[in-house]
Amino acid sequence: MQEFIDKANNLMEALPYIRRFSGKTIVIKYGGHAMSDEALKESFALDVILLRSLGINVVVVHGGGPQINETLKRYGIVSEFVRGMRVTDAETMAVVEMVLTGQVNKEVVGYLNQHGGRAVGLSGKDGNLLLCEKMLQEVRNDDGSIEKVDIGFVGNVIKVNQEIIQTLEHGKFLPVIAPVGVGADGESYNVNADLVAGRVAGALKAEKLMLLTDVSGVKGKDNKLISTISLPDVAGLIDDGTISGGMIPKVECCVDALKEGAKKAYIVDGRVKHAVLLEIFTDTGVGTEITQ
């Protein structure tokens, strides 16, 4: 009997969150280990479908780096990276677009629909959803000077046509976005999925932005998880090295989303089963929250 009482208590813990977020939008960046492990793929799909059934609008933005690497290798194309960004020439861009929009996007959509969802796949080129300009990567030279380097068809999102997403939400569909943008002349751009998720969350004034990662969240100097970071503290944590390496662009993406209108942002351990539900519907959560 105690087992059933515990389940009832868990439901009661979730009730105020269900009331609070019903009708609101949550943007989830889906990537990393959560996209490759079968058990985690299933738990993610079920989490998203449950949220949708509770009246919570969910927008999924997916990555696809490992799949791109595998396909480029098969075609004999060697990738170069500048400060973590893939140098994307025309040949590489063709493969990136093929993999993200033709393979990964349809796999995610199919998996969600297989588990009872109403997912619809989009790329940033559909309806000019993600308008982009060329991103120039900043590189520090040996003399300390900063140089902006052209790394090809790598884009920065300058406008999100949120009307497309809102139309799908009103029809109770679940948008799944591949991070391929479009330029002023119709050219395709490879865009970082975290950046896309942040821009979409900001444009939609989302209640939450959630980045699923392969780490437990932001850790302090004592290697313990930092559960909450306020916006004014971010710069200091970067300066003192607490936030470093690949975590910096993720946190900066969250900061930009908050400044553009998203309410809260989270960096969540996607290796945990049902991480999405645990972060939304429990008092403690499973990652790092970044707030205004």
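The model shown is predicted, which means the values in this text are computed figures rather than measured ones.

Peer 1: Sorry, what's going on with the packing of aromatic side chains here?
Peer 2: We describe a pair of aromatic rings using the distance from one ring centre to the other and the angle between the two ring planes. All chains considered together, the criterion is met by two aromatic pairs. Seen from their ring centres, Y30 and F44 are 3.9 Å apart, and the 0° between their planes marks the pair as stacked. With Y30 in strand 1 (residues 25–30) and F44 in helix 2 (residues 38–53), the pair connects residues that are 14 residues apart, well separated along the chain. The same class applies to Y30 as to F44, namely buried. Aromatic pair F153 and Y189: ring centres 6.2 Å apart, planes at 50°, arrangement tilted. Taken together, the residues span a long stretch of sequence, with F153 in strand 7 (residues 146–160) and Y189 in strand 10 (residues 188–190) at a distance of 36 residues. Y189 gets classed as buried once you look at its relative accessible area, which sits at 6%. Here K41 stacks its cationic end above the ring of Y111, 5.2 Å away from the centre of that ring.

Peer 1: Could you clarify how one ought to interpret unusual backbone geometry in this entry?
Peer 2: With glycine set apart, most residues show a phi of negative sign, and most peptide bonds adopt trans. A positive phi angle, close to 55°, is found at N128, a residue other than glycine. Position of N128 among the secondary structure elements: in the loop between strand 5 (119–123) and strand 6 (130–140). For N128, a relative accessible area of 40% translates into the label partly exposed. A positive phi angle is found at K172, which is not glycine, with a value near 65°. With respect to the helices and strands, the residue K172 is situated in the loop between helix 5 (162–170) and strand 8 (174–178).

Peer 1: What is the right way to read the pairing of strand 1 from this model?
Peer 2: Two faces make up the sheet, and in a regular strand the side chains alternate between them. Across the six residues that make up strand 1, a large majority, six, are buried. Burial along strand 1 is two-sided: the residues T25, V27 and K29 and I26, I28 and Y30 are all buried. With six bridges connecting them, strand 1 and strand 2 (residues 57–62) associate as parallel partners. Looking across to strand 2, one finds that V27 is bridged to V59. In this sheet, strand 11 (residues 208–213) lies alongside strand 1 in parallel orientation, the contact comprising four bridges. Paired with I28 across the two strands is M210, which belongs to strand 11.

Rules and cut-offs
Residues numbered from 1 in each chain as written. Predicted model: local features only at pLDDT ≥ 70, side-chain atom pairs only at ≥ 80, totals over all residues. Heavy atoms only, no water. Phe/Tyr/Trp six-rings, centres within 6.5 Å; stacked < 30°, edge-to-face > 60°. Helix = DSSP H or I, 4+ residues; strand = E, 2+ residues; numbered from the N terminus. Buried < 20%, exposed > 50% of the residue type's maximum accessible area, 1.4 Å probe, protein only. Lys NZ or Arg CZ within 6 Å of the ring centre and 35° of its normal. Pairing = 2+ DSSP bridges.

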